Amino acid sequence: MAGKRLFVTGGASGIGRAVAHLFAVRGFTVGLADINEAGLAAVAAELPPGQASIHRLDVRDRDDWARALAEFAGEGGIDVLFNNAGIAVGGPFAATSAAEIDRCIAINFTGVVNGAHAGFPYLKRSPGSCLLNTASAAGIYGSAGLAVYSATKFAVRGLSEALDGEWRREGVKVRCLMPSFIDTPLLDAGVAGSNRTAREGVQAAGLEFTPVEKVAEAAWRAVHGDAVHTVVGKTAERMRFAARWFPGKLRAQMARGGM
């Protein structure tokens, strides 16, 4: 994989950090992008010397995207663009502020759209390239208590399917990663209408966390495989099965309090 290039948003922590590590070890040069510049520097220092660059990027800002991608790729191409940046917003929909709703949509979906649009010319220059988007198990079935977050992940899923169809003739694959709950800083977010964090909500529901290293391996398989969707973790697998075969039971579970 020497000479291959990966650009990853949300690269300062969590899934982005784990994927950067795995791809770098396997020979990729990595462009790390995030708004957390200190986190970016820390992750870059963990990677093999000369294999990482850091780029401050607010995914909501189209000008930021244009600058960051040009810094990383110049006149060359990008082999994998990992649209991974996202935030968690949970709690009753009616108790969620308009500002929280707007921010979640802007980062989790508009940011992915911006990345796909800005990244396409760079992907097209690299034969066999891939746009990888992070969705979620919450994009399998609408999840009570995660309404806005879930909606953005459905949107990412739909965008991925549509672009895979559009871009196939251009030689660009589009893949969608759908992990269940991962033990990352995202889960430290407070839940609207309560005094607990998302992490505490997952633990109270008796659901398991999927190791971030497992998600990184799934990302590698997604990029190099043929399936549009890659589901990761036991919770995601159960939700996919239930959504297909027992939608009534899944609907009843959501009515009792969600995931």
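The following refers to the structure shown. Fair warning: this is a prediction, and the values are worked out from it, not measured in the lab. (Residues numbered from 1 in each chain as written. Predicted model: local features only at pLDDT ≥ 70, side-chain atom pairs only at ≥ 80, totals over all residues. Heavy atoms only, no water.)

### Let's talk about helix α4 (residues 98-124)
Note the cut-off: Secondary structure follows DSSP: runs of H or I at least 4 residues long count as helices, runs of E at least 2 residues long count as strands, and numbering of each begins at the N terminus. Given the number of residues in a helix, its expected span is that number minus one, multiplied by 1.5 Å. To obtain the bend at a residue, axes are fitted to the seven residues ending there and to the seven starting there, and the angle between these axes is taken.
In this model α4 runs 37 Å from its N-terminal to its C-terminal C-alpha over 27 residues, within 8% of the 39 Å that 1.5 Å per residue would give. Within α4, the axis deviates most sharply at Ala-118, by approximately 40 degrees, and proline Pro-121 lies no more than four positions further along.

### Looking at the pattern of salt bridges
Going by this rule: Salt bridge criterion: a side-chain nitrogen from Lys or Arg within 4 Å of a carboxyl oxygen from Asp or Glu. Each residue is placed in one exposure class: buried if its accessible area under a 1.4 Å probe, protein chains only, is under 20% of its type's maximum, exposed if it is over 50%, and partly exposed if it falls in between.
A full pass over the atoms with the stated rule returns 12 salt bridges. Note that Glu-71 is salt-bridged to Arg-67, the shortest N-O span being 3.2 Å. Of this pair, Glu-71 and Arg-67 both sit in helix α3 (residues 62-73), separated by 4 residues, roughly a single helical turn. Since its relative accessible area comes to 46%, Glu-71 is described here as partly exposed. A relative accessible area of 33% places Arg-67 in the partly exposed class. Taken together, the shared-partner salt bridges connect Asp-164, Arg-168, Arg-175 and Asp-226 into one network.

### Here we look at the environment of Ile-15
Within the element layout of this structure, Ile-15 appears in helix α1 (residues 14-25). For Ile-15, a relative accessible area of 12% translates into the label buried. Sequence separation between Ile-15 and Lys-214 is 199 residues, and the spatial gap between their C-alpha atoms is 9.6 Å.

### Comments concerning the environment of Phe-209
Inspection of the secondary structure puts Phe-209 in the loop between α6 (198-204) and α7 (212-224). Residue class for Phe-209 comes out partly exposed when judged on its relative accessible area of 25%.

### Overview of the nonpolar core
Short version of the rule: The criterion is simple. A nonpolar core is a set of buried Ala, Val, Leu, Ile, Met, Phe, Trp, Tyr and Cys residues joined through side-chain atoms within 4.5 Å. Contact between two residues is taken to exist if any of their heavy atoms lie within 4.5 Å; hydrogens are not considered.
Ranked by internal contacts, the top residues of the largest apolar core, which has 40 residues, are Phe-7, Ile-78, Leu-131 and Trp-167. Of all elements in the fold, only α3, α4, α5 (147-167) and β6 (172-179) reach the threshold of two or more residues within this core. Sorting elements by how many residues they give to this core places α4 first, with 8 residues. Not counting chain neighbours up to four residues away, the residues in contact with Ile-78 comprise Arg-5, Phe-7, Leu-69, Phe-72, Ala-73, Tyr-122, Leu-123, Ser-126 and Ser-129. Of all hydrophobic cores here, the second largest spans 31 residues; its members include Ala-18, Phe-23, Ala-24 and Val-232.

### Focus on the sheet that holds strand β3 (residues 52-56)
To keep it simple, the criterion reads: Think of it this way: DSSP has to see at least two bridges between two strands before they count as a pair. An axis is simply a line fitted to the C-alpha atoms; with a helix, the fit covers only the stretch in contact. Between two such axes, the angle follows the N-to-C directions and lies from 0 to 180 degrees.
Taken in spatial order, the 7 strands make up an open sheet running β3-β2-β1-β4-β5-β6-β7, and their pairing is parallel. Lying at the two open borders of the sheet, with one neighbouring strand each, are β3 and β7 (229-232). Strand-to-strand twist of the sheet, defined as the mean angle between neighbouring strand axes without regard to direction, takes the value 15 degrees. With 3 bridges joining them, strand β1 (residues 5-9) and strand β4 (residues 80-83) adopt parallel strand pairing. Directly across from Val-8, in β4, lies its bridge partner Phe-82. Where helix α2 (residues 37-46) meets the sheet, its contacts fall on β2 (29-34) and β3, and the angle it forms with β3 comes to roughly 175 degrees. In the packing of α5 onto the sheet, the strands contacted are β5 (129-134), β6 and β7, and the crossing angle to β6 comes to about 160 degrees.

### Some points on α2
Under the convention used in this document: Starting at the helix axis, one direction is taken to each C-beta atom, and the arc is that of these directions.
Looking only at α2, the buried set comprises Gly-39, Leu-40 and Val-43. Down the axis of α2, the buried side of the element spans an arc of 100 degrees, and every buried residue falls inside it. Set apart from the buried face of α2 by more than 90 degrees, the exposed residues are Ala-38 and Ala-45. Looking at the buried residues of α2, the elements they touch are α1, β2 and β3.

### Some thoughts on the packing of α3 against α4
Applicable threshold: Left-handed is the label given to a crossing in which the near helix is rotated counterclockwise from the far helix by less than a right angle, and right-handed is the label when the rotation is clockwise. In the scheme used here, Gly and all other residues not listed as nonpolar or charged are polar, with Ala, Val, Leu, Ile, Met, Phe, Trp, Tyr, Cys and Pro taken as nonpolar and Asp, Glu, Lys and Arg as charged.
Viewed as axis vectors pointing N to C, α3 and α4 meet at an angle of 40 degrees, and their least axial separation amounts to 10 Å. Helix-helix and strand crossings are classified by hand; for α3 and α4 the assignment is right-handed. The segment α3 lies against α4, with Arg-62, Trp-65, Leu-69, Ala-70 and Ala-73 engaging Gly-111, Asn-114, Gly-115, Ala-118, Gly-119 and Tyr-122. Looking at side-chain class alone, the contact of α3 with α4 contains 6 nonpolar, 4 polar and 1 charged residues.

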